[in-house]
Amino acid sequence: MTRTRRIRAETVAATRSFLRRRTAVFFTFFFPLLLVLIFGVLVRTQPGGGGLFARPDAYYLPGYLATVVLFTPLSRIGSEIARHRDGHRFEKLATTPLTRGEWLLAHTLVNVGVIGVASLLVFGLVTLVTGAEIPVSGDLLLLVPFVALAVVLFCGVGAVLGRASDSQDGVIAASNSVALPLLFLSDTFVSPDLLPEWFLPAVNLSPLTYFSRGVRAVTFAAPDGAGLAGVGAVGNLAILAVLSVVCFAVGAAAVPRGE
Amino acid sequence: MNDATVVRAVDARKSYDGTVALDGVSLDVREGEVFGLIGPNGAGKTTLVRALTGTADAEGTLELFGDAAGDSDRSRIGLLPQEFGPPGRLTARELVGYYGGLYEESRRVDDVLTDVGLADDADTWYENLSGGQKRRACVATALVNDPDVLFLDEPTTGIDPAGRRALWGLLDSLADSGVTVFLTSHSMEEVERLADRVGLLRDGELVAVGTPAELVVEHGGPARFVVAGPDVGAGADPLRDAGFAVEVGTDELVLGDVTPAELGDAVTALADAGVDYESLTWTEPTLEDVYLRLTGETFEGTFTPGASAVEGDDAATDGAPDEDGPGGAGVDDGDASAPPAEVDR
């Protein structure tokens, strides 16, 4: 109960702090929506054509969702750590019973909530404005753990970036440097057949790949690749879960304690 | 106060990139005692607080309640970091409630806010409070878990005199109830008023420890008797003939080591010599004199109306490595009893 009380206190404080920063709230939701509008409405897909966006609209839903689960946790957790460090909050927290893991869990819960709502908006917008045809079935519920686990994973990575960076500016630069390559090289917007053969094994090194493939297996089509590329939704979910646990543990250890 | 040791440091040492922040500091603080730590910026005060609270590593023995500092029962510790900046968009009530929620048990939030004088502003966002109110809210976060030992790193910085005195009263009552208080401050008035014992840290070394009175007797230097007026120079020789040590200044004579019983003799010597004077001032040494003597700091500047700055050595900008962090000079609340300008100390 005590642990629950601590996590609840941290979660409530973090939620209030976030929701009262209006620009942060606005851009958290605006950025992915903007992306959908640019690529889904302005650029549009050309099924059967060459190059980018040559697949059906539904193929790119994992990419849009990946944008939300990737960028927001990285930048938010990293910035939060920088803010805490600037205000000597970790120094104070180190003298309270709150552990580093509890701190990260609380902030991860806030992100799961925020990004869950943002993902729902993206999902709705993609189906509404791009005409993506998403098969409706109970399997769609798997999107919930996919999003949640991906957020957990990237909150862990965000904590590492926050620890490694010495300022909020540094966190933003670091998170962008990590997120952009991951976003385009994780079987999201850029399909593997556009990448050189020798690079394909590297795609499997990105944790975002398992989110993308898993979501696609649920919302577009069953995988038809070989090896890891042929793993179905549940398999990808399992891999994502393992990676999330590992990244969260590393992230929790990276949360600063004291000065 | 009883004899149980709550805070203990033995040969504490810490360096940052080759700069020595703590150099063999040893001290004990007893239960219910208010211990004041003074010293220039960069002397190691904040580093010592961090080492004792287990929020920074240091060599040596550092204990709270007999346990290693980092392993002690956290519910018994209250900490106010020097430059603490809690979330700005929580109200004072939410902020204190947040920190209270991190403990298994905590005091009623409204009671704590009343204690620090913020009951009327409980629903104001922290970032919209005044500087002094912010500091009081921060103090409240250190009190909400009803700690047995309280570490306050410059707690009254930015708080107005009335608020400061109210906070002093609160700390007095906490100490009376058995709470051990470890306090750092640049305000000699505050330390002299609150602390049962004072430690003076200089370049990472604890160079003196004792009650304020003991330190003043041991290190404060003699009492001074100042005779001021444009024509007082003529009184120097008669006073010397009467057995006084006299320094001649601009429009003043300074007699050192004068006891109250000798004041009459000095006045008589001046009268017999026909010396006119405008004022007579007898000054006992204070903790500030102790501070200035032991730190070697002086205030040698003169203030010129209309000039943009005070010249001379400023403790807040002494150029020493400042573990108090950037802005340390900015949070120096100055010493309420700072020496007057134009007096060479």
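Residues numbered from 1 in each chain as written. Chains lettered and ligands numbered in written order. Predicted model: local features only at pLDDT ≥ 70, side-chain atom pairs only at ≥ 80, totals over all residues.

What follows is about the overall build of chain A. If you tally the helices and strands in chain A, you get 10 helices and zero strands. The order of helices and strands in chain A, counted from the N terminus, is α-α-α-α-α-α-α-α-α-α. Whereas a compact globule of 259 residues would reach a radius of gyration of roughly 18 Å, chain A reaches 18 Å, a difference of no more than 12%. Expressed as lengths along the three principal axes of its C-alpha atoms, the size of chain A is roughly 60 × 35 × 35 Å. Among the 259 residues that make up chain A, the fraction classed as buried is 47%. A fraction of 80% describes how many contacts in chain A between residues 6 or more apart in sequence connect residues 24 or more apart. (Helix = DSSP H or I, 4+ residues; strand = E, 2+ residues; numbered from the N terminus. Rg over C-alpha atoms; globule rule 2.2 N^0.38 Å. Buried ≥ 20, exposed ≤ 12 C-beta atoms within 10 Å, placed from the backbone. Contact = placed C-beta atoms within 7 Å.)

Moving on, we get to the interface of chain B and chain A. Contacts between chain B and chain A engage 23 residues on the former and 23 residues on the latter. Elements that contribute at least two residues to the side of chain B that touches chain A include exactly helix H1 (45-53), strand S6 (77-80) and helix H2 (92-100) of chain B. Classifying every residue of the side of chain B that touches chain A gives 11 nonpolar, six polar and six charged. (Nonpolar A, V, L, I, M, F, W, Y, C, P; charged D, E, K, R; others polar.)

Given a rise of 1.5 Å per residue, 30 residues ought to cover 44 Å, and the 42 Å separating the end C-alpha atoms of helix H5 (residues 100-129) of chain A matches this to within 8%. In the segment just after H5(A), A:Gly131 is the residue with positive phi, at about 75 degrees. (Expected span 1.5 Å × (residues − 1).)

Residues and elements named next belong to chain B. Where strand S1 (residues 5-16) lies against strand S2 (residues 19-30), nine bridges are found, and the strand directions are antiparallel. Across the sheet, the residue bridging to Ala 9 is Leu 27, located in S2. Between S1 and S2, which pair antiparallel and follow one another directly, the connecting turn spans two residues, one of which, Asp 17, has a positive phi of 50 degrees. (Pairing = 2+ DSSP bridges.)

Before going further, it helps to spend a moment on the sheet that holds S6(B). Residue and element names in this part refer to chain B. The strand order S6-S7-S8-S3-S9-S10 describes an open sheet built from six strands, whose pairing is mixed. Among the strands making up the open sheet, the edge pair consists of S6 and strand S10 (205-210). Between one strand axis and the next, the sheet turns by 15 degrees as a mean value, whatever way the strands run. Taken together, the five bridges between strand S9 (residues 197-202) and S10 define a ladder with antiparallel strand orientation. The residue bridging Leu 200 from the neighbouring strand is Ala 208, located in S10. Each of strand S3 (34-38), S6, strand S7 (149-153), strand S8 (180-184) and S9 is contacted by H1, which is oriented at about 155 degrees to S7, the strand it contacts most. Here helix H10 (residues 287-295) sits on the sheet and contacts S3, S9 and S10; the angle it forms with S9, its principal contact strand, is near 25 degrees. (Axes fitted to C-alpha atoms, helices over the stretch in contact; angles between N-to-C directions.)

Let us look at the pairing of S7(B). Residues and elements named next belong to chain B. Here S7 lies mainly inside the structure; five of its five residues are buried. By the bridge criterion, four bridges tie S6 to S7 in an arrangement that is parallel. Directly across from Leu 80, in S7, lies its bridge partner Leu 152. Each parallel crossover has a hand, and the one from S7 via helix H5 (residues 161-176) to S8 is right-handed. (Right-handed = clockwise from strand over helix to strand, strands pointing away.)

Time to look at the sheet that holds strand S13 (residues 252-256) of chain B. Residue and element names in this part refer to chain B. In space, the four strands of this open sheet follow the order S12-S13-S11-S14, with antiparallel pairing throughout. Either end of the sheet is taken by a strand with one partner, and the two such strands are strand S12 (245-249) and strand S14 (279-283). Mean inter-strand twist for the sheet, computed between neighbouring axes without regard to direction, equals 20 degrees.

Now for unusual backbone geometry. Positive phi values are uncommon outside glycine, yet A:Asp187 reaches one of about 60 degrees. Structurally, A:Asp187 is set in the loop between helix H7 (168-184) and helix H8 (200-203). In the Ramachandran plot, B:Asp17 falls in the positive-phi region, its phi being about 50 degrees despite a non-glycine side chain. Within the secondary structure, B:Asp17 sits in the loop between S1 and S2.

Structurally, chain B comprises domain 1 (5-216) and domain 2 (222-283). Computed from C-alpha coordinates alone, the two centres of domain 1 of chain B and domain 2 of chain B are separated by 44 Å. (Domains from an automatic or database assignment.)

Right, let's get into the environment of A:Arg76. Residue and element names in this part refer to chain A. Among the secondary structure elements, Arg 76 is positioned in helix H3 (residues 61-86). Expressed as a C-alpha distance, the spacing of Arg 76 and Val 171, which sit 95 residues apart in the sequence, is 9.3 Å. Filtering out sequence-adjacent residues up to four positions away, Arg 76 remains in contact with Asn 111 and Gly 158.

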